[in-house]
Amino acid sequence: MPETTTVDYSTKIPNNVGLMDDQRVLKALEQWHPGYIDWWMTMGPAGFQTADVYLRTAVSIDPKGWAKFDYVKMPEYRWGILLAPRQEDRQVNFGTHKGDKAWQEVPGEYRAMLRRLIVIQGDTEPASVEQQRHLGKTAPSLYDMRNLFQVNVEEGRHLWAMVYLLQKYFGKDGREEAEGLLQRRSGDADKPRMLGAFNEETPDWLSFFMFTFFTDRDGKMQLESLAQSGFDPLSRTCRFMLTEEAHHMFVGETGVGRAIERTCKAMQEAGIEDPNDIAAVRKLGVIDLPTMQKKANLHFSLSLDLFGSEVSTNAANYYSSGVKGRFQETRIEDDHQLMSATYPVSKLVDGKVKMMDEPALTAINMRLRDDYVADCAKGVERWNKAIEKTGVKFKLALPHVAFHRGIGEFGNVKASPEGEVLSEAEWARRKDQWLPSKADGDFIASLMAPCWERGKFASWIAPPKAGIDNKPGDFEYVKVHQA
Ligand SMILES: [Fe+2]
Ligand SMILES: [Fe+2]
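Here is what the cut-offs are and how they apply
Residues numbered from 1 in each chain as written. Chains lettered and ligands numbered in written order. Predicted model: local features only at pLDDT ≥ 70, side-chain atom pairs only at ≥ 80, totals over all residues. Heavy atoms only, no water. Helix = DSSP H or I, 4+ residues; strand = E, 2+ residues; numbered from the N terminus. Rg over C-alpha atoms; globule rule 2.2 N^0.38 Å. Buried < 20%, exposed > 50% of the residue type's maximum accessible area, 1.4 Å probe, protein only. Areas by Shrake-Rupley, 256 points an atom, 1.4 Å probe, with all protein chains shown as cover. Lys, Arg positive; Asp, Glu negative; His and termini not counted. Charge placed at Lys NZ, Arg CZ, Asp CG, Glu CD. Pairing = 2+ DSSP bridges. Contact = heavy atoms within 4.5 Å. Axes fitted to C-alpha atoms, helices over the stretch in contact; angles between N-to-C directions. Salt bridge = Lys/Arg side-chain N within 4 Å of Asp/Glu carboxyl O. Donors = N, O, S within 2.8 Å, 3.2 Å for Na, K, Ca; no water. Expected span 1.5 Å × (residues − 1). Core = buried A, V, L, I, M, F, W, Y, C linked by side-chain atoms within 4.5 Å. Parallel < 35°, antiparallel > 145°, perpendicular 65-115°, else oblique. Left-handed = near helix turned anticlockwise from the far one by under 90°. Arc of directions from axis to C-beta. Phe/Tyr/Trp six-rings, centres within 6.5 Å; stacked < 30°, edge-to-face > 60°. Lys NZ or Arg CZ within 6 Å of the ring centre and 35° of its normal. Nonpolar A, V, L, I, M, F, W, Y, C, P; charged D, E, K, R; others polar.

A word on the overall build of the protein chain
Across its full length, the protein chain carries 12 helices and seven strands. Here the C-alpha radius of gyration of the protein chain, 23 Å, is about what a compact globule of 483 residues would show, namely 23 Å. For the protein chain, the spread of C-alpha atoms along the principal axes amounts to about 65 × 60 × 45 Å. Within the span of the protein chain, comprising 483 residues, buried residues form 57% of the whole. Entry remark: accessible area of the protein chain is about 19800 Å², with carbon and sulfur atoms responsible for 51%. Each charge class in the protein chain was averaged separately, 62 positive and 69 negative side chains, and the resulting centres sit 2 Å apart.

Comments concerning the sheet that holds strand S1 (residues 52–58)
By definition, the strands of a sheet pair up through backbone hydrogen bonds, in either a parallel or an antiparallel sense. Taken together, three strands build an open sheet; the order of strands is S2-S1-S7 and the sheet is antiparallel. A strand with exactly one partner marks an edge of an open sheet, and here the two such strands are strand S2 (67–73) and strand S7 (478–479). Of the pairings in the sheet, the one linking S1 to S2 comprises seven bridges and is antiparallel in character. Considered in S2, the bridge of Ala-58 is made with Ala-67. Packing against the sheet, helix H3 (residues 142–169) makes contact with S1, S2 and S7, and its axis sits at approximately 45° to S1.

Comments concerning the pattern of salt bridges
In total, this model carries 33 salt bridges according to the counting rule given. With a shortest N-O distance of 2.7 Å, Arg-282 and Asp-288 are connected by a salt bridge. Here Arg-282 and Asp-288 have matching classes, each one buried. Asp-334 is the salt-bridge partner of Arg-326, the closest N and O atoms lying 2.8 Å from each other.

Thoughts on the coordination of the iron ion (ligand 1)
Six octahedral donors around a metal ideally make angles of 90 or 180 degrees; four tetrahedral donors ideally make 109.5 degrees. Within the protein, the iron ion (ligand 1) binds to Glu-125 (OE), Glu-155 (OE) and His-158 (ND1); these donor distances fall in the range 2.0 to 2.2 Å. Positions of the donor residues of the iron ion (ligand 1) along the chain correspond to the pattern E-x29-E-x2-H. In this structure, the iron ion (ligand 1) is positioned 3.5 Å from the iron ion (ligand 2), and both are ligated by Glu-155. Of this pair, Glu-155 and His-158 both sit in helix H3, separated by three residues, roughly a single helical turn. Its relative accessible area of 2% is what places Glu-155 among the buried residues. Residue His-158 is classed as buried on the basis of its relative accessible area of 0%.

Notes on helix H8 (residues 289–305)
Helix length check: H8 (17 residues) gives 25 Å between terminal C-alpha atoms against 24 Å at 1.5 Å per residue, within 8%. For H8, the buried fraction is high: 16 of the 17 residues fall into the buried class.

Quick word on the nonpolar core
In terms of nonpolar packing, the biggest core is built from 116 residues, with Leu-29, Tyr-36, Tyr-164, Trp-205, Ile-260 and Trp-460 touching the most fellow members. A total of 16 residues in this core trace back to one element, the largest contributor, which is H3. Judged by nonpolar contacts, the second largest core, of 12 residues, contains Tyr-319, Tyr-343, Val-345 and Ala-360.

Considerations on the packing of H8 against helix H10 (residues 364–390)
Helix packing geometry: the angle between the two helix axes and the distance between the axes. Put simply, H8 and H10 touch, their axes get as near as 12 Å, and they point 165° apart. Relative to H10, H8 is oriented roughly antiparallel. Read as a crossing pair, H8 and H10 show a hand that is right-handed. Along the contact surface, H8 presents Leu-289, Phe-300, Ser-303 and Leu-304, while H10 presents Arg-369, Tyr-372, Val-373, Cys-376 and Ile-387.

What to know about helix H12 (residues 438–447)
Residues Asp-440, Phe-443, Ile-444 and Leu-447 constitute the buried set of H12. End-on view of H12: buried residues confined to an arc of 95°, all on one side of the axis. With respect to the buried face of H12, the exposed residues turned more than 90 degrees away are Lys-438 and Ser-446.

Points about the side chain of Asp-232
Turning to its location among the elements, Asp-232 is positioned in helix H6 (residues 232–270). Judged by its relative accessible area of 0%, Asp-232 is buried. Apart from the residues lying within four places of it in its own chain, the contact partners of Asp-232 are Arg-86, Arg-90, Ala-102, Trp-103, Gln-104 and Arg-239.

Things to note about the packing of aromatic side chains
Ring pairs (aromatic) are described by centroid distance and by the angle formed between their planes. By the definition in use, this model includes 32 aromatic pairs. Over the face of the ring belonging to Tyr-169 we find Lys-168, whose NZ or CZ atom lies 5.7 Å from the ring centre.

Topic: the pairing of S1
Two faces belong to every sheet, and in a regular strand the side chains alternate between them. The element S1 is largely enclosed, with a buried count of seven among its seven residues. Where S1 meets S7, two bridges bridge the pair, whose relative direction is antiparallel. Within S7, the residue paired with Asp-52 across the bridge is Lys-479.

Details of the packing of helix H5 (residues 205–226) against H8
Two elements in contact, H5 and H8, have axes whose closest approach is 9 Å; the angle formed by their N-to-C orientations is 40°. Looking at the two axes, H5 sits oblique to H8. The handedness of the crossing between H5 and H8 is right-handed. Together, Leu-206, Ser-207, Met-210, Phe-211, Phe-214 and Thr-215 of H5 and Met-292, Lys-295, Ala-296, His-299, Phe-300 and Ser-303 of H8 make up the contact between the two elements. Class assignment for the residues of the contact of H5 with H8 results in seven nonpolar, four polar and one charged.

Encoded structure:
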């Protein structure tokens, strides 16, 4: 079967890449399948594997309608291999090969580079499922529980997407890497996931929403730049993943938004005007806005580290080679080779943060991070508008990029959310004002009581504006009694 816009469900692994006619890859994937299911059963959502969940499954790659909604038990979800349609005349759009026909096979000289990029991306997908595996038990509603599981099964599918590329294009080492993706574990001391933010805990639902807002958005930026790749199968894979990723960020933005809405409403009703009167606000059974700011500070700074060093020869090589581009590469007006261009990079000079011009090629990570920060800022602005409407006097803000960093220019300094460089002692004295403290975590944990009655929501979060798939407010998104 040739590549199609509809998905072939006749094979064990749904796909639109003609797996029926590619027995070698089909076999390799079928052999990988039991290990994946084993991983899903042991590391996937804890306690809900037998529940019927109202999930969307991709049945086509037509942008006008690719999803079908129905009740599915998660282990029976049809994880498939879906690539965006092939554009016949697609070219390499940047780097030294600019203008060449896009590659349908892996160029020998870039094999190691491409494999590494695919493995790093692939590793994040199961990692987030592992991080979120205990959240079902404290879901603030059936609606939210369903969204969590939707995100989880799609991250599982993203793992399949990367494993397909490894099995199809990278031979024996691809198969070994595919195994490795099932072996590493988020937060494990001996075999951790590859990137820092994916080894952190996601202890509560506010963290989950912040994670899907900030860290899935890093995923979006990475996928956007891999979607530019001259290696066409990678580009097409990432383009389809991005359509799913949009929902993950929606879950994050509206999740935080609904927590904000509930807090502001409760404050109004109780006549509390000072958002910093934390004790009074917490007594209402909602999360105070300063604590939300701290959570945002944490997840934003962890996510910034995922962009790597501001100045990076690896990133320059990826770009020159045509394997990883910039955000919206083809919409940028320049020569797309960057042989002589410069780009401003924030650096620490004599204890002060300054902008310094660097060769644009080595500053590729910095540029992607800037695009990411701008994208985050828009979401924060929308939260602030919602706060303003309620009359509560409080504004959320993104901390400075030097704040709480582990990687790059600011990896070794301590800085305030305003970007002021601090001594170790000063940092130790004040960090609980800026990052969630043990007490903040305990308070949030105390609110994380499950709320699984149809149409009901936990005390700390407002209902959504609309249901999933236009379902009414009391729709039974998850049949928990079966779990
Ligand atoms: Fe993903
Ligand atoms: Fe995601």
